[in-house]
Amino acid sequence: MKWRGVNELREMYLSFFESKNHTRLASASLIPQGDNSLLLINSGMAPLKKYFLGQATVANNRATSCQKCIRTPDIECVGKTARHGTYFEMLGNFSFGDYFKTEAIQWAWEFLTVTLEIPADRLWITVFESDDEAEEIWMNKIGIPKERIVRLGRKDNFWEHGSGPCGPCSEIHFDRGEEYGPFENFEQASDCDRIIEIWNLVFSQFDSDGKGNYAEMESKNIDTGMGLERLACAIQGVDNLFEVDTVRNIMNKISEFAGVKYKENDKTDVSLRVITDHIRSTTFMVGDGVTPANEGRGYVLKRLLRRAARHGKMLGVNDAFLYKVCDTVIDENKDAYPELEEKRELIKKIIKHEEESFAKTIDKGTELLNQFIEKLTAEGSKVLSGDDAFKLSDTYGFPLDLTKEMAAEKGIEVDEKRFTECMEEQKQMARSDRASKVKTSWSDDNSGDIDAAATDFRGYVNFACDAEVVALFADSAAADVISEGQEGVLVLDVTPFYAESGGQVADTGVIRTDDTEFEVYTVTKTENGHFLHFGKVSKGSFAKGNKVSAEIDKFKRMATMRNHTCAHLLQMALRKVLGDHVHQAGQLVDADRCRFDFSHFSALTPEELALVEKIVNDEILNAIEVTTKELPIDEARKLGAMALFGEKYGDIVRVVDIGGQSIEFCGGTHVKNTSNIGLFKIISENSVASGVRRIEAVTGIGVLQAMNELRRNISDAASVLKIANPVKLAERCKALTEELREKDKQIQQLSKELAGNQLDALFKDAKEYNGVKVISALLNGTKPDMLRQLGDNLKEQSENVIAVFAGVSDDKGTLYCVCGKEAVAKGGHAGKIVQRIAAITGGKGGGRPDSAMAGIGKNYMIDEALNSLESIVGDFVK
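These numbers were taken from a predicted model, which means no experiment stands behind them.

For sheets, the rule is that strands pair by backbone hydrogen bonds, running either parallel or antiparallel. Pairing in this open sheet of 4 strands is antiparallel, and the strands run 23-24-29-28 from one edge to the other. Across the chains shown, the open sheet's two edge strands, defined by having one partner strand only, are strand 23 (584–589) and strand 28 (680–689). Direction aside, the axes of adjacent strands within the sheet are offset by 15° on average. Two strands pair when backbone bridges link them, and strand 28 and strand 29 (residues 692–699) are joined in this way by 8 bridges, in the antiparallel orientation. The partner of K681 across the bridge, within strand 29, is V698. Contacting strand 23, strand 24 (594–599), strand 28 and strand 29, helix 17 (residues 554–578) crosses the sheet at an angle of about 30° to strand 24. Against the sheet, helix 20 (residues 701–720) makes contact with strand 28 and strand 29, and its axis sits at roughly 95° relative to strand 29, the strand it touches most.

What follows is the structure, given as structure tokens:
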């Protein structure tokens, strides 16, 4: 058996199945396309689900791929064992109703024993306990002895997920040899990892109703999966995925940065494995367009990066370094995944930015977590509250699993149930109802009910056309007729309506006959190319076969076209001003605005915004022709056409070219000449996620509307300030600001004097406890800064004092505690004292032994909390 590298194995597999008339499919993006059931692609079959379910068809019913995958359920185990990882590649060959068990088994055996030259006596076979057919093929057509075929039950050898296609499996296992343990029987050898599964052949032959009933399918499918890294372990004779050539090269680079070697220390080995795995995952995720965020797949990315960064610190690497390791990840994988090379600098910038962002909070967060753990230890508790874990996540960016991991190192568990409740409470407060009532007329299960060719889209050229109704739907089911007042979906043979996609909203308009009318609210497109016109019958009724006239809202479409073309010009201008790292991270173009999200790591300066705006308007005034053409994807790339980050494209793509200044893959609608846009004006620029900025802009008549609104606002402001000439508004605002600043100083000084007088009286009447003066007071209208100033002044006046001041300003309560130098020497601890007092009000806080601040939960509990100071001091001062 010849040693082969990971990259060679990948290519050998794909080439082998190409020789068996399979179409080689490029790996799909890790971001699922049109599948909301997955956060990230986690199997080779996942991107092909629509073909297995009959929701879409392919030109060739045989396919093969090597799919990038991410799985994170066992993230806390990664590093602790050498078996777990979050990123892997899955080799697969697939048949959509073409070949079945015989070919799948024969080709699998041929690839392993002939192409890779694996000795047959090192392979074992498992089949489903009742699958006589598969066993017969293995024995009679392949020649496997019966004693090397093991029958297993449903848990091991039957693939099923709810209802739908399912079937038995046959797995091929590899015997790694005596060094991994003795061989008594197959089960024992598998348990000790001497025998490992390398290839799973799924025979999808039944349709399950999810209730235990299985019907034989007429069209049977094959879905196989073989982990590339696991195959490499067998071929290279190494123990685990971290030791295969490409992965070990990444680990070696990390070892260089950390100054440690693998397999010299169990503790550092854990960190090396964590970082190695997570930097592979995150490099590929960012390469496919995932950016750090607080929810969804962006949160998965943040979790992985922050866990890796923390393990870097545990290895003594205190500076950002993960982004440097990206170079090795890319170099090891760029031949198979050229998009990594194309996005190298962007990937590194996003990862570096997240590293640096976490570095700003990790020390403070760690300090706070240690305070929580110290308090729990003192109280004899072993559970960190969900509220505290949520605070670490929400305020300091500590993902829950990182808090769990750090707490577990101190023997502390986390109340995950309460943490989840806190997360849900936050989501409920922020969540807006995005449900579109009209879309209840449609269910994805209806796709098979449309017996018609894909809809012919005429909207690039025509705003109206004649058409025929080929299908109708209402209340999530096919309908014969939909009548006046009823909401539903119409499917036409041809349409001028643009279906929502690529960040461009759908057209609205009307479908009508002489005596009927259907108001179109929105339009979507199915996997099979049918345009779904959602709306309501406002007049008459519609039935299948009706000849109709379909007409879009021309005014809205033209405004949308202006905004979409400007989105392309905007990206061009941003790249000129900020650099080539700028890529589209999302967009929304409709009739009212152009909203463009892009990769960048800081706010644009006024000068940069002005320059971007000027570049776009210059191109508009240059009256450049906008051309569109369909080209083979390789030819389009040679032209320098930019692709949407993480998007999956077919062999033929539509390219929008704005005079060579901007060339992009795009299926949207655009103006014919930039002069049709009129003018372009940026309205706002802000951050929407880590490393992602957003610009909102208007074009055409939208610029005039924005200017009129601005003029009204200026006029209203001038009127409020009693200025006859709005031109002098800025001058008056400046003068007014100075007046208010001066009054604030006077108020602050008076408050300070009043509080000082109050302190003098409090100091004279202060009680003593073991020689320490104990003072507490409520100072209404006093802000935190003033509390801090008063407390620090008192601490300087007397080294033998413990004081707690409460201030309430704008209904927000704050506690500030100080302990003089001698009071600290006697056991006083401001952080612990204020924590105890704040807890009485339902608040939280803490800090240093000499000074600490806390928030007040319930203001009406302040008096009770302050009255407890003397008894609390007694627990500390001895």
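Take the sheet that holds strand 31 (residues 772–780) next. Reading across from one edge, 30-31-32-33-35-34 is the order of the 6 strands in this open sheet, with mixed pairing throughout. In the strand order of this sheet, the two ends are held by strand 30 (767–769) and strand 34 (845–847), each with one partner. On average, adjacent strands in this sheet sit at an angle of 20° to one another, irrespective of strand direction. Where strand 31 lies against strand 32 (residues 801–809), 8 bridges are found, and the strand directions are parallel. Paired with L778 across the strands is A806, a residue of strand 32. In the packing of helix 22 (residues 784–797) onto the sheet, the strands contacted are strand 31, strand 32, strand 33 (812–819) and strand 35 (851–855), and the crossing angle to strand 33 comes to about 15°.

Let us look at a nonpolar patch on the surface. Together, F555, I701 and L704 line one region of the surface with nonpolar side chains, adding up to about 310 Å² of accessible area. By secondary structure assignment, the location of F555 is in helix 17. The exposure class of F555 is exposed, given its relative accessible area of 55%.

So, about the packing of aromatic side chains. Tallied over the full model, the rule gives 27 aromatic pairs. Between F100 and F203, the aromatic rings sit 6.0 Å apart at their centres with planes inclined by 65°, giving edge-to-face as the arrangement. Of this pair, F100 sits in the loop between strand 3 (87–96) and helix 3 (101–115) while F203 sits in strand 8 (residues 195–208), and the two are 103 residues apart along the sequence. With respect to class, F100 is no different from F203; both count as buried. Seen from their ring centres, F206 and Y214 are 6.3 Å apart, and the 70° between their planes marks the pair as edge-to-face.

Here we take up the packing of helix 9 (residues 266–287) against helix 11 (residues 322–333). Taken N-terminus to C-terminus, the directions of helix 9 and helix 11 make an angle of 75°; their axes are 9 Å apart at the nearest point. Accordingly, the angle class assigned to the pair helix 9 and helix 11 is roughly perpendicular. Residue-level inspection shows I275, I279, R280, T283 and F284 of helix 9 in contact with helix 11, the latter providing L322, V325, C326, V329, I330 and N333.

What follows is about the pairing of strand 33. Counting buried residues along strand 33, 7 of its 8 residues qualify, which places the element largely inside the surrounding structure. Relative to strand 33, strand 32 is paired through 8 bridges, and the arrangement is antiparallel. In the sheet register, A803 faces strand 33, and the bridge partner there is V818. In textbook terms, the turn of a hairpin is the stretch between consecutive antiparallel strands, and for strand 32 and strand 33 this stretch comprises 2 residues, one of which, D810, has a positive phi near 55°.

Rules and cut-offs
- Residues numbered from 1 in each chain as written.
- Predicted model: local features only at pLDDT ≥ 70, side-chain atom pairs only at ≥ 80, totals over all residues.
- Heavy atoms only, no water.
- Pairing = 2+ DSSP bridges.
- Helix = DSSP H or I, 4+ residues; strand = E, 2+ residues; numbered from the N terminus.
- Axes fitted to C-alpha atoms, helices over the stretch in contact; angles between N-to-C directions.
- Contact = heavy atoms within 4.5 Å.
- Patch = residues over 30% accessible without salt bridge, like charges linked within 9 Å, V, L, I, M, F, W, Y side chains within 5 Å.
- Areas by Shrake-Rupley, 256 points an atom, 1.4 Å probe, with all protein chains shown as cover.
- Salt bridge = Lys/Arg side-chain N within 4 Å of Asp/Glu carboxyl O.
- Buried < 20%, exposed > 50% of the residue type's maximum accessible area, 1.4 Å probe, protein only.
- Phe/Tyr/Trp six-rings, centres within 6.5 Å; stacked < 30°, edge-to-face > 60°.
- Parallel < 35°, antiparallel > 145°, perpendicular 65-115°, else oblique.

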